[in-house]
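Overview (structure and organization)
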Amino acid sequence: TYRQVVQIATAGLPAMVVTIIYTLIVYKLRQLKVPGHQTDVTLRRREQQNKKVLKMSITIVVMLYLSFGFYLIVQMLHINDSLSHLLPSDQFKLFYASFVMLYMSLVSNFFIYLIFNDIYRQNIKTMMVKYCCACCKTQTAESRKRSEDP
């Protein structure tokens, strides 16, 4: 029916697009030729980086399929009235769990990038230090100002 087509399009299409994009990224990295003479060390480091990108891409796509898949299965079961044997409260819990899984896929990308990408991790650390230091300086300045005021 129309509702099934819409569900598949809204869940399946983004997953397919993400899969295609990450496949193209990995393909482009493997095909990229670096100009100049490459030593064994740089070739080994490049191969390690390509492996990390491949692992990260696979992890992101798998997480996306797990979360979208669970959501899509629950929606299809509901549309086909296959969940009618469950209590309404249990149906609600199942829908809620599918939504949490769906949105957790978005949150999980942040942590996947932190695990697999050294530059991303270093930039987050730098940003956190700057933010924390800025907060500490502001709080210290405010506390000094309060102590100076009679």
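A brief report on the enclosed structure follows.

Cut-offs and rules
- Residues numbered from 1 in each chain as written.
- Predicted model: local features only at pLDDT ≥ 70, side-chain atom pairs only at ≥ 80, totals over all residues.
- Heavy atoms only, no water.
- Helix = DSSP H or I, 4+ residues; strand = E, 2+ residues; numbered from the N terminus.
- Phe/Tyr/Trp six-rings, centres within 6.5 Å; stacked < 30°, edge-to-face > 60°.
- Expected span 1.5 Å × (residues − 1).
- Contact = heavy atoms within 4.5 Å.
- Salt bridge = Lys/Arg side-chain N within 4 Å of Asp/Glu carboxyl O.
- Buried < 20%, exposed > 50% of the residue type's maximum accessible area, 1.4 Å probe, protein only.

1. Things to note about unusual backbone geometry
Here aspartate 81, not a glycine, exhibits a phi torsion of approximately 60°, which is positive. Structurally, aspartate 81 is set in the loop between helix H2 (40–79) and helix H3 (88–116).

2. Brief notes about the packing of aromatic side chains
Using the criterion set out here, one finds five aromatic pairs in the structure. Ring geometry for phenylalanine 110 versus tyrosine 120: centroids 6.2 Å apart, planes at 70°, classification edge-to-face. Taken together, the residues phenylalanine 110 in helix H3 and tyrosine 120 in helix H4 (residues 118–148) connect sequence positions ten residues apart.

3. Some thoughts on H2
In this model H2 runs 57 Å from its N-terminal to its C-terminal C-alpha over 40 residues, within 8% of the 58 Å that 1.5 Å per residue would give. Once H2 ends, the next one or two residues include aspartate 81, with phi positive near 60°.

4. As for the side chain of asparagine 50
Along the chain, asparagine 50 turns up in helix H2. Excluding residues within four positions of it along the chain, asparagine 50 makes contact with Leu29 and Arg30.

5. Some details on the pattern of salt bridges
Applying the stated criterion across every chain, the model contains three salt bridges. Between arginine 121 and aspartate 118 there is a salt bridge; the shortest N-O distance is 2.3 Å. Separated by three residues within a single helix, arginine 121 and aspartate 118 lie in helix H4, roughly one turn from each other. What makes arginine 121 partly exposed here is its relative accessible area of 25%. Look at the salt bridges and you will find they share partners, linking Lys52, Asp118 and Arg121 into a network.

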